[in-house]
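Listed here are the chains, written in short residue letters.
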Amino acid sequence: MKLRAGFVYSAVILIFFGALYLLTKAFDLLNRPSDTSVFYGILIIVALIALVPSALHWVWHHHMTPHAEPQAPFTRKKENDANT
C-alpha cells in the first residue's frame, strides 16, 4: 500500500508542476502581439481546465481501486421465505 500512496503523491506533484509550467507558457503566449499566439494561449488554458481534473481523477481512481486483487464472485444470499 505504501507504493501505491507514493505513486499518488508523485503523480499529483508531477501533474501540478506540469500544469504550472504549461500555464506560464500560456500566459507568455497571451502577452505576445500575435492573434494566433493569443488563441493558442487560451487553448492551452482551456485544455488545462479540462485535463487536469480528469488526470487527478484517474490517479485517485487507480489509488483507491484495487486492481491487483481479484474481485470476489457475486453470490446471492438466500432469503427466508415468510410463507414456508
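In short, a report on the structure. Predicted model, so just to flag it, every value in this text is computed and none were measured. Within every chain, residues take consecutive numbers counted from 1 along the sequence as written. Side-chain atom pairs in this predicted model are given and counted only at pLDDT of 80 or more, local residue features only at pLDDT of at least 70, and totals for whole chains, interfaces and linings cover all residues. Each side-chain value is worked out from all heavy atoms of the structure, with water and hydrogens disregarded.

Looking now at the pattern of salt bridges. Here, a salt bridge means any Lys or Arg side-chain nitrogen found within 4 Å of an Asp or Glu carboxyl oxygen. Under the criterion given, the structure shown has one salt bridge. Residue Asp 28 pairs with Arg 32 through a salt bridge whose shortest N-O separation is 3.2 Å. Whether a residue is buried, partly exposed or exposed follows from its accessible area with a 1.4 Å probe, protein chains only, as a fraction of its type maximum: under 20%, in between, or over 50%, in that order. By relative accessible area, which is 35% here, Asp 28 ends up partly exposed.

Another aspect to go through is the packing of aromatic side chains. Aromatic contacts are taken between Phe, Tyr and Trp rings whose centres are within 6.5 Å, Trp giving its six-membered ring; a plane angle under 30 degrees counts as stacked, one over 60 as edge-to-face, and the others as tilted. What the rule picks out here adds up to two aromatic pairs. Between Phe 16 and Phe 17, the ring centres sit 5.2 Å apart and the planes meet at 70 degrees, which makes this aromatic pair edge-to-face. Among the residues examined, Phe 17 registers a relative accessible area of 52% and is labelled exposed. Arranged with centres 5.6 Å apart and planes meeting at 55 degrees, the rings of Phe 39 and Tyr 40 form a pair that is tilted. Residue classification places Phe 39 among the exposed residues on the basis of a relative accessible area of 51%. Residue Tyr 40 is classed as partly exposed on the basis of its relative accessible area, which comes to 46%.

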